[in-house]
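# A closer look at the structure
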Amino acid sequence: MKALSWIAAPLWPLQLASGQKSFRANPLLGSPALNRRGLHIARVRLAENMAAARRQRLGARIDAALRTEYEARGYLVIENFLPGEEFAALKRDLEEAPLRSWERREGSTVTRRGSLDLADIETRAPLERLMAGGRIADLLRYVAGCGGEPLIHLQTILAEGDNSRPDPQNTLHMDTFHSTAKAWLYLQDVGEDDGPLCYVPGSHRLTPERIAWERELSIGAASNEDPEIAAGSFRVSDAMLAKLGYPAAKALCVPANTLVVANTHGFHARKASTRPTRRSEIYGSLRRNPFLPVSGMHLYSLPGLRGHLSSRQAQIDELLARYLGVKGPWVSVPPKRIVDTASI
């Protein structure tokens, strides 16, 4: 084990009560003996119960029909999310004016994120209205089962359609062991060949079969040859889905101006593109410590952080690279519009 890992050893027991998911990075989480005795499943069950309790409190702000839809499927699909003129103005703004941006590559896919910090959207009325509205944030909080300040960016997916360089996001997976949420307000129509989100309906719910499968996988996860599984993001095959009693994944092909919000503890993937494609969306995510009994008191909500999260993250990444030599996956690129090509 690397020396840096041993330096972190005093934190290993504390991480049992956190959102830490990596079996390989924490020998307690990855212990075959402890997971045979139910450590992983105990964390999964407790996190699920606490998320359900918080979600019940957060549900007061969500329409009853949407709550029913979420409970049945694990995701929401809301067409015509913005009034037509408002959506047109938003898209026109993002096509014409660039935003401060970062890119990362996974296989043959480049993901670009543009900052929607207060300083970056000042005087850009459609973006200011969208960010001030708060509806996307409320839906993210409900689906994630936790309060707090979501991360919201402009996101563009540039897929090169080269299956010889696989994108790990194209494999059905769960992000982590507890409820989390992601949202996509699509700026273009999303068809079968445009890399739509695929989701296994109902896979946000635990079943006896799912619990048994996770327990078995957790026992050997730390030494699994798939680095994503070792890091706590379990992958699942179509054949295993059937054994677990879940239906096949559904590709969410939707028109522009549709908001999709999904619990990414459920099985999901980005469908592989068979040709070069570009897809843009307002993208949000929310993930917090799953063992918090309260919904508030989020660090990201503090003055100096709220409305400045992209800037603060870029500053942290720069410090880590400069003083510790730790380079993250995101690369700063020139300001970009949604119609621009990738820089990496």
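A brief look at the structure comes next. (Residues numbered from 1 in each chain as written. Predicted model: local features only at pLDDT ≥ 70, side-chain atom pairs only at ≥ 80, totals over all residues. Heavy atoms only, no water.)

In this approach, a probe sized like a water molecule rolls over the atoms, and the result shows the empty space that is left. Estimates place the volume of the second largest pocket at around 610 Å³. Lining the second largest pocket are 31 residues; nearest its centre among them are Leu-130, Met-131, Ala-132, Glu-149 and Ile-152. Those elements that provide at least two residues to the lining of the second largest pocket are helix 6 (84–96), helix 7 (118–121), helix 8 (125–133), helix 9 (135–144), strand 4 (151–159) and helix 13 (309–324). In terms of residue count, the dominant contributor to the lining of the second largest pocket is helix 8 (seven residues). Here the lining of the second largest pocket is composed, by residue class, of 17 nonpolar, six polar and eight charged. (1 Å grid on protein atoms, 1.4 Å probe; cavity = no way out; pocket = protein on both sides within 12 Å on 5 of 7 lines; lining within 4 Å. Points joined across faces, edges and corners; volume = space filled by probe spheres on them. Helix = DSSP H or I, 4+ residues; strand = E, 2+ residues; numbered from the N terminus. Nonpolar A, V, L, I, M, F, W, Y, C, P; charged D, E, K, R; others polar.)

Evaluation of the coordinates by the stated rule reveals two cavities of 30 Å³ or more. Estimates place the volume of the largest cavity at around 40 Å³. Taken together, Lys-21, Phe-23, Leu-29, Asn-35, His-40, Arg-43 and Phe-177 make up the lining of the largest cavity. Tallied by class, the residues present in the lining of the largest cavity amount to three nonpolar, two polar and two charged. In this structure, the second largest cavity occupies an estimated 30 Å³ of space. Ser-101, Arg-112, Gly-114, Leu-154, Gln-155, Thr-156, Lys-336 and Arg-337 are the residues that line the second largest cavity. When contributions to the lining of the second largest cavity are tallied by element, the ones reaching two or more residues are strand 3 (109–114) and strand 4. If you tally residues by element for the lining of the second largest cavity, the top one is strand 4, at three residues. Looking at the lining of the second largest cavity, its residues break down into one nonpolar, four polar and three charged.

The subject of this paragraph is the sheet that holds strand 3. Taken in spatial order, the eight strands make up an open sheet running 1-8-5-10-4-3-2-11, and their pairing is antiparallel. Edge strands, defined here as strands with exactly one partner in the open sheet, are strand 1 (75–78) and strand 11 (331–336). Across the sheet, the mean angle separating the axes of adjacent strands is 25 degrees when strand polarity is ignored. By the bridge criterion, four bridges tie strand 2 (residues 99–106) to strand 11 in an arrangement that is antiparallel. Paired with Ser-101 across the bridge in strand 11 is Val-333. (Pairing = 2+ DSSP bridges. Axes fitted to C-alpha atoms, helices over the stretch in contact; angles between N-to-C directions.)

Attention now goes to the packing of helix 4 (residues 39–58) against helix 10 (residues 208–219). Contact pair helix 4 / helix 10: the axes reach a minimum separation of 8 Å and the direction vectors enclose 135 degrees. Relative to helix 10, helix 4 is oriented oblique. By crossing handedness, the relation of helix 4 to helix 10 is classed as right-handed. For the pair helix 4 and helix 10, contact is made by His-40, Ile-41, Val-44 and Arg-45 and by Ile-211, Glu-214, Arg-215 and Ser-218, respectively. Grouping the constituent residues of the contact of helix 4 with helix 10 by class yields three nonpolar, two polar and three charged. (Parallel < 35°, antiparallel > 145°, perpendicular 65-115°, else oblique. Left-handed = near helix turned anticlockwise from the far one by under 90°. Contact = heavy atoms within 4.5 Å.)

Within the structure shown, the criterion is met by 22 salt bridges. Between Asp-138 and Arg-61 there is a salt bridge whose closest N-O contact spans 3.0 Å. In this pair, Asp-138 is assigned in helix 9 and Arg-61 in the loop between helix 4 and helix 5 (64–73), connecting sequence segments 77 residues apart. What makes Asp-138 buried here is its relative accessible area of 17%. Residue class for Arg-61 comes out exposed when judged on its relative accessible area of 63%. Among the ionic pairs, Arg-112 bridges to Glu-103, the shortest N-O distance being 2.9 Å. With a relative accessible area of 0%, Glu-103 lands in the buried category. Overlapping salt bridges, with partners in common, bring together Arg-61, Asp-138, Arg-141, Glu-149 and Arg-306 in one network. (Salt bridge = Lys/Arg side-chain N within 4 Å of Asp/Glu carboxyl O. Buried < 20%, exposed > 50% of the residue type's maximum accessible area, 1.4 Å probe, protein only.)

Looking at the element boundaries, Pro-83 is found in the loop between strand 1 and helix 6. Owing to a relative accessible area of 54%, Pro-83 belongs among the exposed residues under this scheme. When the C-alpha positions of Pro-83 and Asn-257 are compared, they lie 8.9 Å apart, and in sequence the two are 174 residues distant.

To continue, consider the nonpolar core. Counting residues in hydrophobic clusters, the biggest one holds 33 residues, and the most contacted among them are Phe-81, Leu-90, Leu-94, Ile-136, Leu-139, Leu-259 and Ile-282. Here this core takes six residues from helix 9, the largest share from any one element. Sequence-distant contacts of Leu-259, defined by excluding residues within four places in its chain, comprise Leu-76, Val-77, Ile-78, Phe-81, Ile-136, Leu-139, Ala-183, Trp-184 and Leu-185. (Core = buried A, V, L, I, M, F, W, Y, C linked by side-chain atoms within 4.5 Å.)

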